[in-house]
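What follows is the residue order along each chain.
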Amino acid sequence: MTPAQSSDARIETYLSRLESALRGVSSDHKDDILREIRAHIMDSAEHSVDHAGAVDRVLRLLGTPEDLAARYSTECQLERASRSFSPWLILRTCWQWAKLGVKGTLAFFVAVIGYSVALSFTVSVFLKPFMPTRLGWFSGPEGVGLIIPRHPEVMHEWLGNYFIPVIAAAAFLSAIGTTQLLRWMMRKRAPGLAIPTERSFPVAQMPGEAAIKLRG
Amino acid sequence: MATNSNGDRGQNWEAQLRKGCLEMAILASLWQARLYGLEILRALSETSQLEVAEGTLYPILSRLKAEGLLDSEWVEAEAGHPRKYYWLTAPGRRRAREMAGAWNEFSEKLTVLVQPIVGVSGAGGKER
């Protein structure tokens, strides 16, 4: 095998590992990424005398295929979730985002609290017909709010027949409100903060990070 | 040990600073011309000393495109393979202008603030 053939083989191995690591990326987008990375490798090694050495260098600078794929998916996920109305996708993305910093952690807490409130309202709307007198929006010695008191007779229930429509509306509004707030937070994130930091990618695996640090 | 950790913190701060400027630098590099990935990397490293790893640039380009700030097109090149050229969309130009404005204002004020520090150490350096 000549050096040129072996570096071609290394490029193919790199691209096929990248392809399998890009799970969850639409096939059009995946083809586009692979084509662009291939063009980049070819351009980088094009005019160099030591072709095999140049290929090695560019593959090293690209990082492992798995790291590169992870960076693509983190970059794209926030963008996708900020356009989505799916609480599940938004919650998952906030979890990923939380690993990147304070703002993400805050978003994750907003997501957990907001969606928990919406879920508990929804569940109580469905439970109300089965426990018409015990479940309600009470105030009294046992507390205030949406509760199932041990002694309902000492408590005052505020909503009466309006319980189901009011709580259903509250469930709907808290779900929509949480979603919109998180979408807004994702869109408003400061430029640059969505770039994966060394916390999500160990410094040793990021040649760029090392280059940024050592230079100057 | 203390000096070491201070040094690490300094380097870390510098890395964060450079990273924070990366998006603006990428948009700025496309202000005057359509470029493909490798040309953007070269432009950044030549003009701003921002050494960006290939593996960092392409995912960011992909996101900026998804956000509608950039658009791209495959162009057949003499090299024998097509290259993906990027350019700023109207919202991308707007964003670049906003970022450059904010950067200018911010850096002007900070330059005034750090002037005594830079001035003193600069003068000290000359004396030696």
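Above: the structure in question.
Keep in mind the model is a prediction, meaning the values are calculated, not measured. (Residues numbered from 1 in each chain as written. Chains lettered and ligands numbered in written order. Predicted model: local features only at pLDDT ≥ 70, side-chain atom pairs only at ≥ 80, totals over all residues.)

**Q** Looking at this structure, how should I read the overall build of chain B?
**A** Secondary structure summary: chain B contains 4 helices and 3 strands in total. Counted from the first residue to the last, chain B has its helices and strands arranged as α-β-α-α-β-β-α. Within chain B, the proportion of its 128 residues that are buried is 28%. (Helix = DSSP H or I, 4+ residues; strand = E, 2+ residues; numbered from the N terminus. Buried ≥ 20, exposed ≤ 12 C-beta atoms within 10 Å, placed from the backbone.)

**Q** Help me understand the overall build of chain A in this model?
**A** For chain A, the count of helices and strands is 8 helices and 3 strands. In sequence order, chain A lays out its α and β elements as α-α-α-α-α-α-β-β-β-α-α. Taken across its 216 residues, chain A has 27% of its residues classed as buried. Of the contacts made within chain A by residues no fewer than 6 positions apart, 55% connect residues no fewer than 24 positions apart. (Contact = placed C-beta atoms within 7 Å.)

**Q** What's the story with the sheet that holds strand 1 (residues 136-140) of chain A in this structure? I'm lost.
**A** The strands making up a sheet associate through hydrogen bonds between their backbones, and the pairing can be parallel or antiparallel. Residues and elements named next belong to chain A. A sheet is described by the order of its strands in space; here 3 strands give the open sequence 2-1-3, paired in antiparallel fashion. Since the sheet does not close on itself, it has two edges, and those belong to strand 2 (143-147) and strand 3 (156-157), each with one partner. In the sheet, strand 1 pairs with strand 2 via 5 bridges, with the strands oriented antiparallel. Paired with S139 across the two strands is V144, which belongs to strand 2. (Pairing = 2+ DSSP bridges.)

**Q** Is there a simple way to explain helix 5 (residues 87-98) of chain A in this structure?
**A** Note on helix geometry: an α-helix contains 3.6 residues per turn, so any two residues three or four positions apart are oriented the same way. All names here are of chain A. Taking 1.5 Å as the rise per residue, helix 5 with 12 residues should run 16 Å; its terminal C-alpha atoms sit 16 Å apart, in good agreement. What helix 5 keeps buried is the set I90, T93, C94 and W97. For helix 5, the arc enclosing every buried residue in end-on projection is 105°, short of the 170-degree limit, so these residues lie on one face. Against the buried residues of helix 5 lie helix 4 (65-82), helix 6 (102-127) and helix 7 (163-188). (Expected span 1.5 Å × (residues − 1). Arc of directions from axis to C-beta.)

**Q** Quick question: what am I supposed to make of the interface of chain B and chain A here?
**A** When the parts of a complex come together, some accessible area is lost, and that lost area is often taken as the interface size. Contacts between chain B and chain A engage 29 residues on the former and 31 residues on the latter. Counting only elements with at least two residues in the side of chain B that touches chain A, the list comes to helix 1 (2-29), helix 2 (37-48), helix 3 (54-66) and strand 3 (83-88) of chain B. When the residues that make up the side of chain B that touches chain A are grouped by side-chain class, the tally is 12 nonpolar, 8 polar and 9 charged. (Nonpolar A, V, L, I, M, F, W, Y, C, P; charged D, E, K, R; others polar.)

**Q** Can you walk me through the pairing of strand 3 of chain B in this structure?
**A** Looking along a regular strand, one sees the side chains alternate between the two faces of the sheet. Residues and elements named next belong to chain B. As paired elements, strand 1 (residues 35-36) and strand 3 share 2 bridges and run antiparallel to each other. Along strand 3, the bridge assignment pairs Y36 with Y85. Direction of pairing for strand 2 (residues 70-75) relative to strand 3: antiparallel, over a ladder of 6 bridges. From the neighbouring strand, S72 faces strand 3, where its bridge partner is Y86.

**Q** Which parts of the structure should I look at to understand the nonpolar core?
**A** Across soluble globular proteins, nonpolar side chains have a tendency to be buried as a group. Residues V58 of chain A together with I26, V52, L57 and L61 of chain B are the most contacted members of the largest nonpolar core, which totals 36 residues. When residues of this core are traced back to their parent elements, those giving at least two are helix 1 (3-21), helix 2 (27-45), helix 3 (51-62) and helix 4 of chain A together with helix 1, helix 2, helix 3 and strand 3 of chain B. Core analysis: the second largest hydrophobic core is formed by 14 residues, A81, A111, F121 and L182 of chain A among them. (Core = buried A, V, L, I, M, F, W, Y, C linked by C-beta atoms within 7 Å.)

**Q** What should I look at first to understand the packing of helix 2 of chain A against helix 3 of chain A in this one?
**A** Residue and element names in this part refer to chain A. Close contact between helix 2 and helix 3 brings their axes to 9 Å; oriented N to C, the two are set at 135°. The orientation of helix 2 with respect to helix 3, classified from their angle, is oblique. Relative to helix 3, the crossing made by helix 2 is right-handed. On helix 3, the residues that touch I37, I41, S44 and A45 of helix 2 are H51, A54, V55, V58 and L62. For the contact of helix 2 with helix 3, the class distribution of residues is 7 nonpolar, 2 polar and no charged. (Axes fitted to C-alpha atoms, helices over the stretch in contact; angles between N-to-C directions. Parallel < 35°, antiparallel > 145°, perpendicular 65-115°, else oblique. Left-handed = near helix turned anticlockwise from the far one by under 90°.)

**Q** Can you help me understand the sheet that holds strand 2 of chain B in this one?
**A** The strand order across the open sheet formed by 3 strands is 1-3-2 (chain B), and the pairing between neighbours is antiparallel. Looking at which strands have only one partner, the edges of the open sheet turn out to be strand 1 and strand 2 of chain B.

**Q** Is there a simple way to explain helix 6 of chain A in this structure?
**A** Residues and elements named next belong to chain A. Spanning 26 residues, helix 6 covers 37 Å between terminal C-alpha atoms, matching the ideal 38 Å at 1.5 Å per step. Turning to helix 6, its buried residues are G104, A107, A111, G114, Y115, A118, F121, S124 and V125. Against helix 5, strand 2 and helix 7 lie the buried residues of helix 6.

**Q** How should I be thinking about the packing of helix 5 of chain A against helix 6 of chain A in this particular structure?
**A** When two helices pack together, their arrangement is captured by the angle between the axes and the distance separating the axes. Residue and element names in this part refer to chain A. Axis separation between helix 5 and helix 6 bottoms out at 7 Å; the angle between their running directions is 150°. Handedness of the helix 5/helix 6 crossing: left-handed. Across from P87, I90, L91, C94, W95, W97 and A98 in helix 5, the residues of helix 6 making contact are G104, T105, A107, F108, A111 and Y115. The class makeup of the residues in the contact of helix 5 with helix 6 is 11 nonpolar, 2 polar and no charged.

**Q** Looking at this model, I keep getting lost on the environment of H156 of chain A. Mind explaining?
**A** Tracing the backbone through its elements, the reader meets H156 of chain A in strand 3. Residues contacting H156 of chain A, with those up to four places away along its chain left out, are F138, S139 and G140 of chain A.

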